[in-house]
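Chain residues, written in single-letter form:
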Amino acid sequence: MITLYDYELSANCYKQRLMMSLLDVAYESTPIDFFPGLEHKGDDFKKINPMGHIPVIDDAGYVLWDAHAILVYLAAKFDPSGRWYPTSDPELLGETASWMLFAEGTTNTASAARLHVNLGYDFDIEACRTGAHHLFRLLDEHLWFREREGKDWVCSSDHPTIADIAIFPDVVLSEEGGVSRLDYPALRRWTDRVKALPGFIVMPGIFPLGTS
Amino acid sequence: MTHPSGGYVIATVHNPCTDSVILDHWHPLVPVADVSLGEVRTTTLLGVQVSYTSDGAERVRVWRSRDTTEQPLPTRVDYLYLWVSLGSPPDSIFEIPEFSEPDRRNVHAGTIGVHVSAPRAVENFLDMGHFPYVHTDVLGAEPHTEVAEYDVHIDPETNEIWATDCVFYQPRAATTSTEGQMSDYLYRVPHPFCVILYKTSPLHDERMDVIGLFCRSVGPDHIEAHMFLSLLDPDNSEPIIRKFQQSIFGQDKPILENQYPKLLPLDPRAETPIRADKVAIAYRRWLSDLGVTYGVIPERAA
């Protein structure tokens, strides 16, 4: 069984829990005392991931770190439909990769703002928030045009991809970092569509559809 | 992204507190574990930048960061935290006798920043009514939503608020739970910004787990909430215990941050209470009687 080195309040760890739930993959969570223990920075954990960050998965001895890389692996291995990580469609695959890089941006801005506010990480909070708003504006417009084409997801497919899962938590937890989504109606509609996916699960700070 | 060795730096600028009642209290600055030898760190208490360090031999020093003479502020170390006062504090701090019991696990479960006033956070902590809705299937579950009648009194000797005889059905009351239980609760407010609950231990009929929420006001509507635990739990590791508590608090955080107004209104007519709010009403009145003005909207003089 897959072991996920996990921290309950981490958006990047939640991405893996959500992906595995959507794909109906069984896994075991090993909680890492990310805060306040900084266990991921300790020598023991660095034997698992020398980079000293989570999430990390161990799939029967195959160890992989970096949140977005793990999403690629999980989808490629456990999604027989080949839709979440669309390797058979070069154009869609390229788009997915592009939006995965966009997700690095939301992680480094919106989620960084959240880490600053919640856990006291020493980031330039105003730069994080400005950067998050810039990306949210771009994504909101993008999704608005998608909706005009009758499409629901970040990529041009009729189904979600790992890019949706990579971006979703950074967006939906943004208020915790002081980044309001009030001005991004298409973004809010998209988060509701993600929440409606079969197998969707929540984490602290994320509410199920219909109650938020 | 790297963590700066755990130092808390909050950039938001707040005006310094002028409420003498609050200034004269002890305030939980940081967990003592975060005070390191020779390293100076800075944080914000009641709108004032303070620096802290340890000079060794458990000698902790705190001063106003702007004070070039580094005049030491009053400090004490209790219940895993460094307490500081910006005024003239009392000689003692509220008692938690359980802390010294040999079979207790005293755990600092984490410090989480929340964009809310300390009194709002305390009041939410006192509210059993939210359990089934916010902590679904852990601290509460539908249809067990009723808050039964309970008693509230103020201890005349200590001037602390106590809510007693609280009973609530909980599917998973603690890390040691194996099944749902009717939890007995006692709530206690010993300090304007600190609140403690005592709850039936799943392992002992006669003894209770102690869970404290100690708020440091960064500004009037911004806190760093320290989660303190003194548990009868010989088995679970600290990461498991912390995970449980952080998950619960993580569920409260968005609720707290969406409360409006962020400051707690003390006027009895400001919000409509229900029976479950008995202790909240007592808390608001108690704050009013103490003359607290920080983090609240004071009752207007008649």
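Conventions and cut-offs
The numbering scheme is per chain: residues are counted from 1 as the chain's sequence reads. Following the order in which they are written, the chains are lettered starting with A and the ligands numbered starting with 1. Confidence filtering applies because this is a predicted model: local features only for residues at pLDDT of at least 70, side-chain atom pairs given and counted only at 80 or more, and all residues used for totals across whole chains, interfaces and linings. Processing note: side-chain calculations cover all non-hydrogen atoms of the structure and skip hydrogens and water entirely. The contact criterion used throughout is that any non-hydrogen atoms of two residues lie within 4.5 Å. Throughout, the accessible surface (probe 1.4 Å) given up by two parts as they are put together, summed over both, is called the buried area. What makes a salt bridge here is a side-chain nitrogen of Lys or Arg within 4 Å of a carboxyl oxygen of Asp or Glu, nothing more. Each polar contact in these results corresponds to two N or O atoms within 3.5 Å; when the atoms are within protein, one needs to be able to donate a hydrogen and the other to accept it, and residues that are neighboring in sequence are counted only if both atoms are side-chain atoms. Each helix is a run of H or I in the DSSP string that is no shorter than four residues. Each strand is a run of E no shorter than two, and both are numbered from the N terminus. Paired strands are those between which DSSP finds at least two bridges. The axes are straight lines fitted to the C-alpha atoms, using for helices just the contacting stretch, and the angles between their N-to-C directions are given from 0 to 180°. Domain limits in this description derive from either an automatic procedure or a database domain assignment. By the convention adopted, Pro, Cys, Tyr, Trp, Phe, Met, Ile, Leu, Val and Ala count as nonpolar, Lys, Arg, Asp and Glu as charged, and the other residues, Gly among them, as polar. Only Phe, Tyr and Trp rings take part, Trp by its six-membered ring, and two of them pair if their centres are within 6.5 Å. Stacked means planes under 30 degrees apart, edge-to-face means over 60, and tilted covers everything else. Under the scheme applied here, a residue whose accessible area is under 20% of the maximum for its type counts as buried, over 50% as exposed, and between as partly exposed, the area being computed with a 1.4 Å probe on protein chains only.

Undergrad: Just give me the short version of the interface of chain A and chain B, but keep the residues and values in it.
TA: As a measure of interface size, the accessible area lost when the parts come together is often cited. The interface is formed by 29 residues belonging to chain A together with 29 residues belonging to chain B. Together chain A and chain B conceal approximately 2,400 Å² of surface at their shared face, both sides included; 65% is due to carbon and sulfur atoms. Considering only the side of chain A, the residues that lose the most area to chain B are A:Pro31, A:Phe35 and A:Pro36, jointly responsible for 19% of the buried surface there. Linking chain A with chain B are two salt bridges, by the criterion used here. A:Glu8 is the salt-bridge partner of B:Lys243, the closest N and O atoms lying 3.7 Å from each other. Remark: the boundary between chain A and chain B carries six residue pairs in polar contact (both at pLDDT 80 or more). Counting residues per element, the ones that place at least two in the side of chain A that touches chain B are strand S2 (27-31) and helix H4 (90-119) of chain A. If you tally residues by element for the side of chain A that touches chain B, the top one is H4(A), at seven residues.

Undergrad: A description of the sheet that holds strand S8 (residues 151-155) of chain B should follow, citing residues and the corresponding values.
TA: Here seven strands make up an open sheet; going across it, the order is S7-S13-S12-S11-S10-S9-S8 (chain B) and the pairing antiparallel. Across the chains shown, the open sheet's two edge strands, defined by having one partner strand only, are strand S7 (105-114) and S8 of chain B. Strand-to-strand twist of the sheet, defined as the mean angle between neighbouring strand axes without regard to direction, takes the value 20 degrees. The pairing of strand S11 (residues 194-200) of chain B with strand S12 (residues 208-219) of chain B spans seven bridges and is antiparallel. For B:Tyr198, the partnering residue across the bridge sits in S12(B) and is B:Val210. Its contacts with the sheet place H4(A) against S7 and strand S13 (222-231) of chain B, and it is angled at close to 130 degrees to S7(B). Contacting S7, S12 and S13 of chain B, helix H4 (residues 238-257) of chain B runs over the sheet at an angle of about 30 degrees to S7(B).

Undergrad: How would you explain the domain arrangement of chain B if you had to name every residue and give the values?
TA: All names here are of chain B. Domain annotation of chain B identifies domain 1 (20-84) and domain 2 (97-297). Its C-alpha centre places domain 1 at a distance of 25 Å from the equivalent point of domain 2. Between domain 1 and domain 2, the contact holds 18 residues from the first and 21 residues from the second. Taking both sides of the interface into account, the surface hidden between domain 1 and domain 2 amounts to around 1,600 Å²; carbon and sulfur atoms contribute 70%. For the interface between domain 1 and domain 2, the tally reads zero salt bridges. On the surface where domain 1 and domain 2 come into contact, there are 10 residue pairs in polar contact (both at pLDDT 80 or more). When contributions to the side of domain 1 that touches domain 2 are tallied by element, the ones reaching two or more residues are helix H1 (20-23), strand S1 (27-31), strand S2 (41-45) and strand S6 (81-84). Looking at the side of domain 1 that touches domain 2 element by element, the count peaks at five residues for S1. Here the residues of the side of domain 1 that touches domain 2 sort into 13 nonpolar, five polar and no charged.

Undergrad: Any details on the packing of aromatic side chains? Residues and values, ideally.
TA: Residue and element names in this part refer to chain B. Tallied over the entire structure, the rule returns 25 aromatic pairs over all chains. Between Tyr 79 and Phe 99, the ring centres sit 5.4 Å apart and the planes meet at 75 degrees, which makes this aromatic pair edge-to-face. Here Phe 99 lies in the loop between S6 and S7 and Tyr 79 lies in the loop between strand S5 (75-78) and S6, a separation of 20 residues in the sequence. With a relative accessible area of 9%, Tyr 79 lands in the buried category. Summarising the aromatic geometry, the rings of Trp 162 and Tyr 198 are spaced 5.8 Å apart at their centres and angled 20 degrees between planes, so their arrangement reads as stacked. One end of the pair, Trp 162, is in strand S9 (residues 160-170); the other, Tyr 198, is in strand S11, with 36 residues separating them in the sequence. In textbook terms, an aromatic cluster arises when at least three aromatic residues are bridged by ring pairs, as seen for Tyr 79, Tyr 81, Trp 83, Phe 94, Phe 99, Phe 214 and Phe 228.

Undergrad: Which residues make up the environment of A:Leu139, and what are the values?
TA: Residues and elements named next belong to chain A. The topology assignment puts Leu 139 in helix H5 (residues 125-148). Linking Leu 139 and Phe 102, residues 37 residues apart in sequence, is a C-alpha distance of 9.3 Å. If near-sequence neighbours (up to four positions away) are discounted, Leu 139 is found in contact with Trp 99, Phe 102, Val 154, Ile 167, Val 171 and Leu 187.

Undergrad: Residues and numbers for the sheet that holds S2(A), please.
TA: Residue and element names in this part refer to chain A. The strand order S2-S1-S3-S4 describes an open sheet built from four strands, whose pairing is mixed. Strands with a single pairing partner mark the edges of an open sheet, and in this sheet they are S2 and strand S4 (62-65). Within the sheet, the average angular offset between the axes of one strand and its neighbour, ignoring direction, is 20 degrees. Pairing between strand S1 (residues 2-6) and S2: five bridges, direction parallel. Paired with Leu 4 across the bridge in S2 is Ser 29. Along the sheet face, helix H1 (residues 11-22) touches S1 and S2 and points at about 150 degrees away from the line of S1.

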